[in-house]
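What follows is each chain in one-letter form.
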Amino acid sequence: MASPLHSIQLPLDDDLLLMQTGSVLRKVKSRSWKKQRYFRLQDDGMTVWYARQAGGRTKPSFSISDVETVREGHESELLRSLADEIPLEHGFTVVFHGRRPNLDLVAGSIQEAQSWVQGLRRLLEIITSMDQQEKMDQWLSDWFQQGDKDQDGRMSFPEVQRLLRLMNVDMDPEHALQLFQDADKSESGMLEGEEFVEFYRALTQRSEVLELFDMISGDGQKLTLLEFVDFLREEQKEGEQASDLALELISRYEPSESAKLRHILSIDGFLAYLCSPDADIFSPARRPIYQDMSYPLNHYFIHSSHNTYLLGDQLRGQSSVEGYIRALKRGCRCVEVDVWDGPSGEPIVYHGHTLTSRIPFQDVVATIAQYAFQTSDFPVIVSLENHCSREQQEVIAQHLTEILGEQLLSTTLDGLLPTQLPSPEELRGKILLKGKKIGTLEEELGEASGDPEELEEPGEEEEEPEPELEPDPLDFDETARNEGKRKKSKSALCPALSALVVYLKSVPFRSFAHSKAHYRLYETSSFSEAKARRLVKEAGNEFVQHNAWQLSRVYPSGLRTDSSNYSPQELWNAGCQMVALNIQTAGLEMDLCDGLFGQNGNCGYVLKPAFLCDPQSSFHPERPSSPTLTLLIQVISGQQLPKVANSKEGSIVDPLVRVEIHGVPGDTARQETSYVENNGFNPYWGQTLQFRVRVPELALLRFVVEDYDRASRNDFVGQYTLPWACVQQGYRHVHLLSKDGTSLHPASIFVHIQIREEPDEDED
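Reading the values: the criteria
Residues numbered from 1 in each chain as written. Predicted model: local features only at pLDDT ≥ 70, side-chain atom pairs only at ≥ 80, totals over all residues. Heavy atoms only, no water. Domains from an automatic or database assignment. UniProt positions renumbered as here; feature names shortened; annotations may be inferred. Helix = DSSP H or I, 4+ residues; strand = E, 2+ residues; numbered from the N terminus. Buried < 20%, exposed > 50% of the residue type's maximum accessible area, 1.4 Å probe, protein only. Contact = heavy atoms within 4.5 Å. Pairing = 2+ DSSP bridges. Axes fitted to C-alpha atoms, helices over the stretch in contact; angles between N-to-C directions. Phe/Tyr/Trp six-rings, centres within 6.5 Å; stacked < 30°, edge-to-face > 60°. Lys NZ or Arg CZ within 6 Å of the ring centre and 35° of its normal. Expected span 1.5 Å × (residues − 1). Arc of directions from axis to C-beta. 1 Å grid on protein atoms, 1.4 Å probe; cavity = no way out; pocket = protein on both sides within 12 Å on 5 of 7 lines; lining within 4 Å. Points joined across faces, edges and corners; volume = space filled by probe spheres on them. Nonpolar A, V, L, I, M, F, W, Y, C, P; charged D, E, K, R; others polar. Polar contact = N/O pair within 3.5 Å; in protein donor to acceptor, adjacent residues only side chain to side chain. Left-handed = near helix turned anticlockwise from the far one by under 90°. Patch = residues over 30% accessible without salt bridge, like charges linked within 9 Å, V, L, I, M, F, W, Y side chains within 5 Å. Areas by Shrake-Rupley, 256 points an atom, 1.4 Å probe, with all protein chains shown as cover. Salt bridge = Lys/Arg side-chain N within 4 Å of Asp/Glu carboxyl O. Lys, Arg positive; Asp, Glu negative; His and termini not counted. Charge placed at Lys NZ, Arg CZ, Asp CG, Glu CD. Bend = angle between axes of the 7 residues up to and from the residue. Core = buried A, V, L, I, M, F, W, Y, C linked by side-chain atoms within 4.5 Å. pLDDT = per-residue confidence, 0-100.

Undergrad: What am I meant to see in the domain arrangement of the chain here?
TA: Buried accessible area, meaning the area lost when the parts come together, often serves as the stated size of an interface. Once the domains are mapped, the chain shows domain 1 (14-129), domain 2 (133-204), domain 3 (207-275), domain 4 (298-411 + 421-441 + 491-612) and domain 5 (629-757). Computed over C-alpha atoms only, the centres of domain 1 and domain 3 are separated by 46 Å.

Rendered as structure tokens:
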């Protein structure tokens, strides 16, 4: 029986009816793994279950809310590779949020495949258009279905007790029974739909919010307009806009029409406001593009990917165009292409001299052309590592030119020698090639400088060379460190390919003095993580000044064969623009990356602080001199925290909150609350953590919730990371994300944030 709660109201639709009846589909993982499974959309309209055969034991396959998009068969890399045995018109692909692998399915007919494609897309439209209350209703409906073990549309007290443990609640049985009986208005000994909603409301009473409401309300019953304005101005730090904002928020969140007319806010309206985007810790004003995008490229941090083609490790991982799709759709603006000679004269992309799989270069370029500007209009940089013979370099140039067409920037914007790099705004919709180039722009544009340095471009020898996985014959980027051992003649570089490199000519790095004396603003150097980190420590100010006029790219150590990552923070501290990460690997480093680039419309470009854009800057990331700010964070409570992945059904988390500051070394710190035993549903901490920060412009704030384990390492529950500049003060909710960066709605923590200037005790 369907849940009597507010589930999705499915339209009368032949496609959805077919999905609810169910279909036998072939699940395809590889050429050798293709198995039939029975898939069916559940009555809730939100989940698809599967069984080995119709009538067999069913298991959940996926929730519609986990789906990002649905592609047809010809768009699937895997199904295209099987076109000789599978009709592409029969296939479709379910693409999930985060890093979950795609689900490739093949139907028995074109009509059946189209029914699933159109039906899933319709459900996605419904979910995307849901408001906050509808999402909460759906969340409740999902829990009701899980708790209603015999699926009769009602819940007995034993079923409720089981559900409480599923929801991370450890409650005294007598108290639980009292709440159950209070909600059981029909006195039937069972909870039906609306009775269950009443039970849930009693369960989720926010005593800390009621206490706050009583504190700011004159009569404890309502907030007058004046009281709400005072709260917004004094606590929420909304400043001069508090009066107008109060009226807007009452209109937006107060459920009572009569209260709206009287310009007052009830406790329900107040709670709705506190849980809304307006009271999110991340300032709504910083979500869209808010920065000036007309500065030169080197004035921005640029979201950058390393070995973008890999979905796994660097030795045996799968190479796939899906890596480029995922990177570009998450706002990445610098992708890497590692090209080698392939069969039949067609270049291939893979991690050379390893067991990683291979994909055609032509497919990679076509994918970049299709997805480059779906998330952001600002320019995409293709960092090309060319390991090809001259003949296949000609093919590379041909594919780039023919497939990218007008998207590819192949000459300076105005045909003149640049006096500064163009801006993201000027380069909207353009794809730029980063790689080696024969000669200079001056020579191309008839303004040759005759610098003898350009005649040989000697390679770089690292002081601490890292083990190489492959000997690279002509690497545009990352193997400059070995060029000294195997110099290649300039004639090995194909002129047609060289001509496509305009503003991003790769040059080896010798020293900051050498770069300043011999290099031009359109030339860029790459640094291994070890070398870059050493330069930050030994010559931090020089690195800052270098990055104020020239672009730098940093890449992970060749020893990271597991595709792990280094912390990007210390390289951002020195103003390095393209700090490339293995974005297929979740963890702290990618949380920082997602946190920094989650602002400014997720466009992949974030304006650097002014002191990182000045070629005469005195800033040193290791020794900053600036006034100190004090950050006070009261961690108040948590709401609906999820269970730890793969935990036992009866287990309940013991949550603690750790707050981390990531920034310059003197600012980097972490503190945590104590843990709350056996309560992931509504834990209360009420503890204040204090931090001192000197360079807020470079600071990221990270909240981590963990399940305390006294015998071993704590388990990850959720996290949220954001830039200091995006933090809203006052009473705020922090909406948690999974390790993969996907929403854990409605899981959150409730905090109070205060930032104040303090006299610097270290100064005389």
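After that view of the structure, there is still more to cover.
Undergrad: Which parts of the structure should I look at to understand the UniProt feature "domain: EF-hand" (unreviewed entry) in the chain?
TA: UniProt annotation of "domain: EF-hand" (unreviewed entry) refers to residues 135-170 and 171-206 when read in the numbering used here. Annotation note: span residues 171-206, helix share 61%, strand share 0%, distance between end C-alpha atoms 16 Å.

Undergrad: Would you mind going over the side chain of asparagine 565 with me for this structure?
TA: By secondary structure assignment, the location of asparagine 565 is in the loop between β16 (552-555) and α20 (569-572). According to the relative accessible area criterion, asparagine 565 is buried, its value standing at 7%. Beyond its immediate chain neighbours, meaning those up to four positions away, asparagine 565 contacts Arg560, Leu581, Asn582, Thr585, Glu589 and Met590.

Undergrad: I'm lost on the sheet that holds strand β1 (residues 23-28) in this one. Help?
TA: Strand pairing in a sheet takes place through backbone hydrogen bonds and is either antiparallel or parallel in direction. The 7 strands lie next to each other as β4-β3-β2-β1-β7-β6-β5, forming an open sheet whose pairing is antiparallel. Edge positions in the open sheet fall to β4 (59-63) and β5 (67-72), since each of these has one partner strand only. Across this sheet, the average inter-strand angle for adjacent strands is 35°, counted without regard to direction. Across 4 bridges, strand β3 (residues 47-51) lies against β4 in antiparallel orientation. For tryptophan 49, the partnering residue across the bridge sits in β4 and is proline 60.

Undergrad: When you look at the packing of aromatic side chains in this model, what are you seeing that I'm missing?
TA: Enumeration according to the criterion identifies 24 aromatic pairs in this entry. Ring centres of phenylalanine 92 and tryptophan 116 lie 6.4 Å apart, and the angle between their planes is 15°; on these two criteria the pair is classed as stacked. Note that phenylalanine 92 is positioned in strand β6 (residues 91-96) and tryptophan 116 in helix α3 (residues 110-128), a separation of 24 residues in sequence. When sorted by exposure, phenylalanine 92 lands in the same class as tryptophan 116, which is buried. Among the aromatic side chains, those forming a connected cluster through ring pairs are Phe213, Phe228, Phe231, Tyr253, Phe270, Tyr273, Tyr731 and Phe750. Arginine 287 extends its terminal NZ or CZ atom over the ring of phenylalanine 282, reaching a point 3.8 Å from the ring centre. Arginine 358 extends its terminal NZ or CZ atom over the ring of tyrosine 350, reaching a point 4.0 Å from the ring centre.

Undergrad: Honestly, the pairing of strand β24 (residues 715-723) in this entry has me stumped. Any pointers?
TA: A large share of β24 lies buried, amounting to 7 of its 9 residues. Both strand β23 (residues 700-707) and β24 contribute to a ladder of 8 bridges, which runs antiparallel. If you follow aspartate 707 over to β24, its bridge partner there is aspartate 715.

Undergrad: Can you help me understand the pairing of β3 in this one?
TA: The sheet contact formed by strand β2 (residues 34-41) and β3 spans 4 bridges and is antiparallel. Within β3, the position partnered with phenylalanine 39 by the bridge is tyrosine 50. Where β2 folds back onto β3 in an antiparallel hairpin, the turn is made up of 5 residues, including glycine 45, whose phi is positive at roughly 70°.

Undergrad: Would you mind going over helix α10 (residues 242-253) with me for this structure?
TA: At 3.6 residues per turn, the α-helix brings residues three or four places apart onto the same side. The end-to-end C-alpha distance of α10 is 16 Å, a good match for the 16 Å that 12 residues give at a rise of 1.5 Å each. Those residues of α10 that sit buried are Ala242, Leu245, Ala246, Leu249, Ile250 and Tyr253. Along the axis of α10, the buried positions cluster into a sector of 135°, meaning they face one direction only. Contacts from the buried residues of α10 go to α9 (225-234), α11 (257-261) and α12 (267-274).

Undergrad: Whenever I open this one, the layout of surface pockets confuses me. Can you help?
TA: Roughly 890 Å³ of internal volume is contained in the second largest pocket. What lines the second largest pocket is a set of 38 residues, among which Glu77, Leu78, Asn102, Asp104 and Gln318 lie closest to the centre. For the lining of the second largest pocket, the secondary-structure elements that each account for two or more residues are β1, α2 (77-81), β6, β7 (103-106), α13 (321-329), β11 (359-360) and α14 (361-371). Top element by residues in the lining of the second largest pocket is α14. It accounts for 5 residues. Tallied by class, the residues present in the lining of the second largest pocket amount to 14 nonpolar, 11 polar and 13 charged. Residues lining the lining of the second largest pocket come from more than one domain, with at least three contributed by each of domain 1 (14-129) and domain 4 (298-411 + 421-441 + 491-612).

Undergrad: How do you make sense of the environment of isoleucine 289 when you look at a structure like this?
TA: Position of isoleucine 289 among the secondary structure elements: in the loop between α12 and β8 (300-305). Look past the residues within four positions of isoleucine 289 in its chain and what remains in contact with it is Phe378, Asn600, Gly601 and Cys603.

Undergrad: What is the right way to look at the environment of glutamine 687 in this model?
TA: The residue glutamine 687 is located in strand β22 (residues 684-693) in this model. Taking relative accessible area as the criterion, glutamine 687 reaches 24% and is therefore assigned partly exposed. A sequence separation of 318 residues divides glutamine 687 from alanine 369, and the C-alpha atoms of the two residues are 50 Å apart. In this structure glutamine 687 touches Ile633, Gln634, Val635, Thr673 and Ser674, once residues within four positions along its chain are discounted. Looking at glutamine 687, its side chain comes within polar contact range of the side chain of serine 674, at 2.7 Å.

Undergrad: For this particular structure, what's the right way to read the packing of α9 against α10?
TA: When two helices pack together, you describe them by how their axes are tilted relative to each other and by the distance separating the axes. At a minimum axis separation of 9 Å, α9 and α10 run at an interaxial angle of 115°. Helix-helix and strand crossings are classified by hand; for α9 and α10 the assignment is right-handed. Across from Leu225, Phe228, Val229, Leu232 and Arg233 in α9, the residues of α10 making contact are Ala242, Ser243, Leu245, Ala246, Leu247, Leu249 and Ile250.

Undergrad: Even after reading the chapter, I still don't get a positive patch on the surface, so can you show me in this structure?
TA: Together, Lys29, Lys35, Arg52, Arg57 and Lys59 make up a region of like positive charge exposed at the surface. Inspection of the secondary structure assignment puts lysine 59 in strand β4. For lysine 59, a relative accessible area of 42% translates into the label partly exposed.

Undergrad: Hey, could you run me through helix α19 (residues 529-547) in this one?
TA: Compared with the 27 Å implied by 1.5 Å per residue over 19 residues, the 16 Å span of α19 between its first and last C-alpha is markedly short. The largest bend in α19 is about 115°, located at alanine 539.

Undergrad: Help me out: how do you make sense of the nonpolar core in this one?
TA: If you look at soluble globular proteins, the nonpolar side chains tend to sit buried side by side. Of all hydrophobic cores here, the largest spans 67 residues; its most connected members are Val337, Phe361, Ile368, Leu400, Leu497, Phe543 and Trp572. In this structure, this core is formed jointly by two domains, domain 4 (298-411 + 421-441 + 491-612) and domain 5 (629-757), each of which donates at least three residues. The contact partners of phenylalanine 543, leaving out residues within four places of it in the chain, are Phe512, Phe527, Ala532, Leu535, Val536, Ser552, Ala574 and Cys576.

Undergrad: Is there a simple way to explain the pattern of salt bridges in this structure?
TA: Any two side chains of opposite charge can pair, given that their charged atoms come close. Taken as a whole, this structure holds 34 salt bridges when the rule is applied. With a shortest N-O distance of 2.9 Å, arginine 428 and glutamate 425 are connected by a salt bridge. The structure contains a network of salt bridges with shared partners spanning Asp591, Arg658, Glu660, Arg670, Arg702 and Glu706.

Undergrad: Help me out: how do you make sense of the confidence of the model for the chain in this one?
TA: Regions with low pLDDT should not have their predicted coordinates read in detail. Averaged over every residue, the pLDDT of the chain is 89; residues scoring 70 or more account for 91%. When the criterion is pLDDT under 50, residues 452-491 qualifies, and its contacts beyond four places in sequence or with other chains add up to 105 contacts.

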